[in-house]
Amino acid sequence: IGFLSPLAGVCGCCGALRPRYKRLVDNIFPEDPEDGLVKANMEKLTFYALSAPEKLDRIGAYLSERLSRDVARHRYGYVCIAMEALDQLLMACHCQSINLFVESFLTMVRKLLEADKPNLQILGTNSFVKFANIEEDTPSYHRSYDFFVSRFSEMCHSSFEDPDIRTKIRMAGIRGLQGVVRKTVNDELQANIWDPQHMDKIVPSLLFNLQQDEESPIELTERCFRELLGRAVYGNIKNAVKPVLMHLDNHSLWESKTFAVRCFKIIMYSIQSQHSHLVIQQLLGHLDANSKNSARVRAGIVEVLSEAAVIEASGSIGPTVLEVFNTLLKQLRLSVDYELSGYNDLSNLGTKVIKEHEERQLQESVIKTIGSFASTLPTYQRSEVMLFIMGKIPVPGMYPALGSANTGYEGSRMIQVMLLKSLFQVTVGFQSTNMLTALPTSFLDPLLSFTLMEDAEVRLLVLEILISLIDRHENRLKFSSIRLCRHIFLVCKEENSSQRHFESLFTLLALISMELANEEVVVDLIRLALALQDLANDEALPLFNRCAIHALSASYLNLICQLTTVPTFCQHVHEVIQARQKEVPFLLPEDVFIEKPRLLPESLEKMEGDVLFLQTKIAETLGGSGYNTERLATPYIPQLTGTGFLHLLKSSVNATEAAIFKRSFGIVIIWTEMGGGYHSLERRRLVVERFQTAPFEEIAAHCGARASLLQSKLNQIFEITIRPPPSPSGTLSSAHGQAQSRSIPIYEMKFPDLCVY
């Protein structure tokens, strides 16, 4: 025993010889781990670390050593105490030696995340999140977070059997990724978290959890995703959005649309507004890349584009506005080709068979999306887009057919319809203070030429476009119900003109009267209505068309008389309407413009007497109120010369219709914007007519006279320029008493003060 006592004393002295930092670390651990961290001893350890910061890295290394030993021995209570101590030291110490301590800390966190126990993984995640919220005073040049990105992403996809524990692990993974982003996104010394190798793990992990049913992970995931996107700058948007596109592709999520729309709503609301056009461009590129995919996939991408455009609504789609519409119009053309050919790859007829109804749904989605984008644009850009779309529409003789060789004429016709529908979407809500500037002849001429096409659907679409352009005060709805004042004429001699055509035509002329009319316009519109009445007496027209024209003429004259507020004019119109109600009710709109008119006669003789509006009577009544009686008394004879598009039309097209319509819209706009422009147009028409019909000798004589007049004017100009300029100081008298102009240099002339700058 005497021999053993000194040895025991030596062993007891060994503890006193251990380094102080180790003794301080050991003292924070209680005998029973359930008692938790010894707070008094933890305060001593913290004070020591602050007093001797050079020992901090050794403290960290020793704590890491103890933790690894405790993990291996499954002493998880001591593991929790060690992590708590590390957390407190990390929060308290901000010295230059913190980097070495952090390395030990991250090593221990990594050890916990690699463990099989879910509780240890969650413990390590919690410590990492606390660390991520600390702003370090000193930079770190060699720290790597690659492991943490990979491990937290794995945890986001946890498939643990117990659903509650599985949810906790996934939420821990989400919070861990959030911590990595916070720690690295603004640290230029760290590996770029926006690199594809990291984004391709982070973004799909977040999207995977957005799809789950549990409410808590979804809420946390969306918060994390928004934070990530909110920190993205210009150069990082592409890397953040591309994994979203790939995830939606890989999991076939475009077809259902709902989740894809939700993802991009989060993106558009989270990124900085000035970068939103970059997302639009990526979606457009992805749409192009999927041109040969199924219609449902393409429709899903288009739907997302539509929603994104509405959210952006900043008046700009980026530097290439027309590129957006060009891509969408290209998709329309491809869809038409696919629908008509039955295949999505015309060069390889062994590819997928197309479902027609899916292509139709896609086409409607594209048209809707075009409208969504247009609604974000200012007026001047909308005008550009309208011209751009018009340039894409196949017009006979002006623009080539857009249908492929496999689709032929029917392809061109379908593209006409689709592009006109797109054009209509662009015009919705269009507001312009100057119609002539916003709608140049390069737009109106080809548009008006479509009113003369055989296709009733095309004509109706053009009417809708014109109504949309003219209606700047939302008056359209006031003319939408079938009453006494309703509908007017488009193509009266076309048998396939339906009730909808007449409704649109009356609306169009009513809006012209409301929006664009001055006295000259009113006079010509009244002449137009009377010309329609005369046209209705043409027995070659179908019976319904003749009755409809009479009804439309009555409807419009009833409206225009109320707008002019000339009592005698109103009285004459009302007398004719009352006479028709008694004798020929089938010449009024309430008996004609219904789905199945029942009161139409078997035949219609030429109308005479009290049931007709009299041009002489109207001219007399309006002349007393200052209207141009000479012009009112002149019958309206449609002319279609000098317009440049008559040769484009098919032989079955009615020239009278074109003339009436052109007068009622194209010229009206020019009158309204330019004031007394009518005489200039008439002069131009007469010149064209003379050159078309006059003998050659007469034309030559006329041109010779014009040449002589031109030479005379030139001589006058030359005489003025060669003669010395008059002097501001007056004239001089010659020796003979005659006034003589005195020429002085320009620099000696005296000018009034208002002329001098």
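Residues numbered from 1 in each chain as written. Predicted model: local features only at pLDDT ≥ 70, side-chain atom pairs only at ≥ 80, totals over all residues. Heavy atoms only, no water.

- Per an unreviewed UniProt entry, the protein chain goes by EFR3 homolog B and derives from Denticeps clupeoides.
- According to its UniProt record, the protein chain has this under Sequence similarities (unreviewed entry): "Belongs to the EFR3 family." (UniProt positions renumbered as here; feature names shortened; annotations may be inferred.)

## Comments concerning the overall build of the protein chain
- When its secondary structure is counted, the protein chain shows 32 helices and 2 strands.
- Classification of the 757 residues of the protein chain by burial places 50% in the buried group.
- In the protein chain, once contacts between residues fewer than 6 apart in sequence are set aside, the share between residues at least 24 apart is 71%.
- When the accessible surface of the protein chain is split by element, carbon and sulfur atoms take 53% of a total near 37000 Å². (Helix = DSSP H or I, 4+ residues; strand = E, 2+ residues; numbered from the N terminus. Buried < 20%, exposed > 50% of the residue type's maximum accessible area, 1.4 Å probe, protein only. Contact = heavy atoms within 4.5 Å. Areas by Shrake-Rupley, 256 points an atom, 1.4 Å probe, with all protein chains shown as cover.)

## Overview of the nonpolar core
- Among the nonpolar cores identified, the biggest contains 184 residues, and Phe225, Trp254, Phe264, Ile526 and Phe569 are the most heavily contacted of them.
- The next biggest cluster of nonpolar side chains, apart from the first, holds 15 residues, and it includes Leu552, Ala579, Val592 and Val611. (Core = buried A, V, L, I, M, F, W, Y, C linked by side-chain atoms within 4.5 Å.)

## Describing the packing of helix α21 (residues 441-449) against helix α22 (residues 456-470)
- Contact geometry of α21 with α22 gives a least axis separation of 10 Å together with a crossing angle of 145°. Handedness of the α21/α22 crossing: left-handed. Where α21 approaches α22, its residues Phe443, Leu447 and Leu448 are matched on the opposing element by Val462, Ile465, Leu466 and Leu469.
- For the contact of α21 with α22, the residue count by class is 7 nonpolar, no polar and no charged. (Axes fitted to C-alpha atoms, helices over the stretch in contact; angles between N-to-C directions. Left-handed = near helix turned anticlockwise from the far one by under 90°. Nonpolar A, V, L, I, M, F, W, Y, C, P; charged D, E, K, R; others polar.)

## Let's talk about the packing of aromatic side chains
- Tallied over the entire structure, the rule returns 12 aromatic pairs.
- Relative to Tyr145, the ring of Phe128 has its centre 6.2 Å away and its plane inclined at 75°; by these criteria the two rings are edge-to-face. Here Phe128, found in helix α7 (residues 118-132), pairs with Tyr145, found in the loop between α7 and α8 (146-156); they are 17 residues apart in sequence, far enough to count as distant.
- Residue classification places Phe128 among the buried positions, given a relative accessible area of 0%.
- Ring geometry for Phe325 and Phe373: centres 6.4 Å apart, planes at 70°, overall edge-to-face. Residue Phe325 is located in helix α16 (residues 321-341), and its partner Phe373 is located in helix α17 (residues 356-374); the two are separated by 48 residues in the primary sequence. Each member of the pair, Phe325 as well as Phe373, carries the same accessibility label: buried.
- In this structure an aromatic cluster arises from ring pairing among Phe105, Phe128, Phe131, Tyr145, Phe147, Phe148 and Phe152. (Phe/Tyr/Trp six-rings, centres within 6.5 Å; stacked < 30°, edge-to-face > 60°.)

## Side note on the pattern of salt bridges
- Per the stated rule, a full pass over the model turns up 22 salt bridges.
- Glu65 is the salt-bridge partner of Arg69, the closest N and O atoms lying 3.9 Å from each other. Of this pair, Arg69 and Glu65 both sit in helix α4 (residues 56-72), 4 residues apart, roughly one helical turn.
- By relative accessible area, which is 29% here, Arg69 ends up partly exposed.
- Residue Glu65 is classed as partly exposed on the basis of its relative accessible area of 44%.
- Residues Arg262 and Glu222 are paired through a salt bridge, measuring 3.4 Å at the closest nitrogen-oxygen approach. Taken together, the positions of Arg262 in helix α13 (residues 258-270) and Glu222 in helix α11 (residues 215-230) put the pair 40 residues apart, joining distant regions of the chain.
- With relative accessibility at 29%, the residue Arg262 sits in the partly exposed group. (Salt bridge = Lys/Arg side-chain N within 4 Å of Asp/Glu carboxyl O.)

## A short note on unusual backbone geometry
- Notably, His74 is not glycine yet its phi reads approximately 60°, a positive angle.
- Looking at the element boundaries, His74 is found in the loop between α4 and α5 (76-92).
- With a phi close to 70°, Lys257 is a non-glycine residue in the positive phi region.
- By the secondary structure assignment, Lys257 is in the loop between α12 (237-250) and α13.

## Description of the side chain of Ser335
- The topology assignment puts Ser335 in helix α16.
- Looking at Ser335, the relative accessible area reads 1%, which means it is buried.
- In contact with Ser335, not counting residues within four places along its chain, are Arg298, Glu359, Leu362 and Gln363.

## Observations concerning the state of the cysteines
- Evaluation of the coordinates by the stated rule reveals 0 disulfides.
- With no disulfide of its own, Cys570 lies 3.7 Å from the sulfur of Cys561, the closest cysteine sulfur. (Disulfide = S-S within 2.5 Å.)

## Comments concerning helix α23 (residues 499-515)
- Taking 1.5 Å as the rise per residue, α23 with 17 residues should run 24 Å; its terminal C-alpha atoms sit 24 Å apart, in good agreement.
- Counted residue by residue, α23 has 14 buried out of 17 residues, so it is predominantly covered. (Expected span 1.5 Å × (residues − 1).)

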